[in-house]
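# Structural description and commentary
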Amino acid sequence: MIEPLLSVVCITYNHEKFIAQAIDGFLMQKTDFPIEIIIHDDCSTDNTKKIIKNYANKYPELIKTIYQTENQYSQGNKPLKFILPLCRGKYIAQCEGDDFWVDSRKLQIQVDFLEANPDYVISSHDAFIIDESGNRLKDSKLPDEHKRDASCEDLILSKAWLLTMSWVFRNVIKGYTPERAMVINGDTFFISQLGKFGKSKYHSEIQPAAYRSHSGGVWSMVSDQEKYDSHINTWFWMYRYYTRQKQNKYAQYYWNKYILSIYNKLSTERNSDLDTFPNTHSMFDGSSLQSEIESLLTIQLQRIKQLEIRSKSSEKLLSDIKNSFSYRIGNTLLWPIRILIKHRNTN
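Here is a short report on the structure shown in this document. (Residues numbered from 1 in each chain as written. Predicted model: local features only at pLDDT ≥ 70, side-chain atom pairs only at ≥ 80, totals over all residues. Heavy atoms only, no water.)

## Considerations on the sheet that holds strand E3 (residues 63–67)
Strand-to-strand pairing in sheets goes through backbone hydrogen bonds, with the strands running parallel or antiparallel. Spatial ordering of the open sheet is given by E3-E2-E1-E4-E8-E5-E9, a layout of seven strands whose pairing is mixed. Each edge of the open sheet carries a strand with a single partner, namely E3 and strand E9 (199–202). Each adjacent strand pair in this sheet contributes to an overall mean axis angle of 20 degrees, direction not counted. In this structure, strand E5 (residues 120–124) lies alongside strand E8 (residues 168–170), joined through two bridges in antiparallel fashion. Bridge pairing in E8 links Ser 123 to Val 168. Of the strands in this sheet, strand E1 (6–12), strand E2 (35–41) and E3 are in contact with helix H2 (residues 48–58), which crosses E3 at around 155 degrees. (Pairing = 2+ DSSP bridges. Helix = DSSP H or I, 4+ residues; strand = E, 2+ residues; numbered from the N terminus. Axes fitted to C-alpha atoms, helices over the stretch in contact; angles between N-to-C directions. Contact = heavy atoms within 4.5 Å.)

## Brief notes about unusual backbone geometry
Its identity is not glycine, yet Ser 158 carries a phi of approximately 60 degrees, on the positive side. Here Ser 158 lies in the loop between helix H5 (152–156) and E8. On the accessibility criterion, Ser 158 (24% relative accessible area) is partly exposed. The phi dihedral of Lys 246 is positive, around 60 degrees, even though this residue is not glycine. Relative to the assigned elements, Lys 246 resides in the loop between helix H7 (224–244) and helix H8 (248–269). Given the relative accessible area of 68%, Lys 246 is considered exposed. (Buried < 20%, exposed > 50% of the residue type's maximum accessible area, 1.4 Å probe, protein only.)

## Brief notes about helix H4 (residues 106–116)
Inspection of H4 places Lys 106, Leu 107, Gln 108, Gln 110, Val 111, Phe 113 and Leu 114 among the buried residues, and these make up the whole buried set. The elements touched by buried residues of H4 are E1, strand E4 (91–94), E5, E8 and E9.

## Here's the deal with the state of the cysteines
A complete count under the given rule lists zero disulfides for this structure. Cys 10 takes part in no disulfide bond, and the closest cysteine sulfur, belonging to Cys 95, lies 6.2 Å away. (Disulfide = S-S within 2.5 Å.)

## Focus: the pattern of salt bridges
Counted under the stated rule, the structure contains 13 salt bridges. The residue Glu 36 makes a salt bridge to Lys 64 at a minimum N-O spacing of 3.6 Å. Note that Glu 36 is positioned in strand E2 and Lys 64 in strand E3, a separation of 28 residues in sequence. A salt bridge links Asp 139 to Arg 136; the shortest N-O distance between them is 3.4 Å. By sharing partners, the salt bridges in this structure join Glu 3, Glu 36, Lys 64 and Arg 88 into a single network. (Salt bridge = Lys/Arg side-chain N within 4 Å of Asp/Glu carboxyl O.)

Here it is as structure tokens:
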């Protein structure tokens with residue numbers, strides 16, 4: 001059996017209207033190297049599995065399939081956890097079952113570049129946005145400031161935006177990082193990890209792919225508030241990851257992003273309490289900020305304990321304190337820890 005140079009990874013769930021277009025985009029690729037296509041169906045309840053089987057039967061040497069008998073995403077298991085260990089390629093390309101590629105030379109262009117430039121770990125390109133019926137909503141999904149190459153540091157610090165369906169990256173990360181499993185959208189986390197291995201290339205010469213926004217999309221239909229909450233959670237676990245890796249510079253950077261994101265979230269909900277929180281000028285002084293937060297939470301905890309000992313006539317004051325900005329920020333800070341405890345208790 002010929003070893004593929006590149007593995008195409010496709011994650012799908014209830015994409016019966018779209019999956020054929022995605023697979024056709026894989027099959028139309030013109031390359032001078034062998035590829036494999038790995039499709040993971042997360043126990044779809046529509047005809048997605050049937051459509052995939054038809055393609056797999058027609059191209060048995062090219063398409064490999066994973067059919068889950070229970071939905072893994074709903075159980076907190078990310079599909080890539082099952083797919084990445086099966087990828088034999090030196091490079092991996094990714095495209096979900098509701099998106100599709102347009103340029104038949106896409107893979108060839110990206111692999112040729114990475115083969116010639118070992119200091120780059122990933123390459124990407126733009127996409128246009130369409131709706132469920134295929135109507136074009138926007139010509140470019142990627143903001144102009146992100147249509148550029150990015151340094152290793154840019155990738156590590158999440159200062160570059162690379163669209164998932166455009167990725168071709170080196171297969172250098174082995175295993176599935178436990179912290180990555182704790183975030184909702186793992187793309188930011190993964191790109192940061194890749195930054196340790198090289199830079200990224202933006203290909204303006206590749207025709208944009210299609211990104212589909214529809215009611216069944218896991219991420220495209222998430223509200224802005226939920227996306228912001230997801231980012232807060234991501235910054236926390238990246239902080240934990242880089243702490244475990246003993247890369248204190250990056251751990252401190254993501255701790256600062258985590259704290260600042262919480263501050264911004266809560267300050268938009270209630271402005272009257274802002275004077276109880278440390279001055280924003282100290283936001284990027286990680287050690288002093290942590291100390292100030294700990295002091296605030298300690299004081300609030302002491303006050304609450306005192307009130308709980310006293311008569312029920314203090315219930316209103318107790319409620320006021322629990323609704324205060326500093327108390328709420330304490331609860332928010334503990335949110336990822338509660339997720340971790342819940343995760344451990346269910347395993």
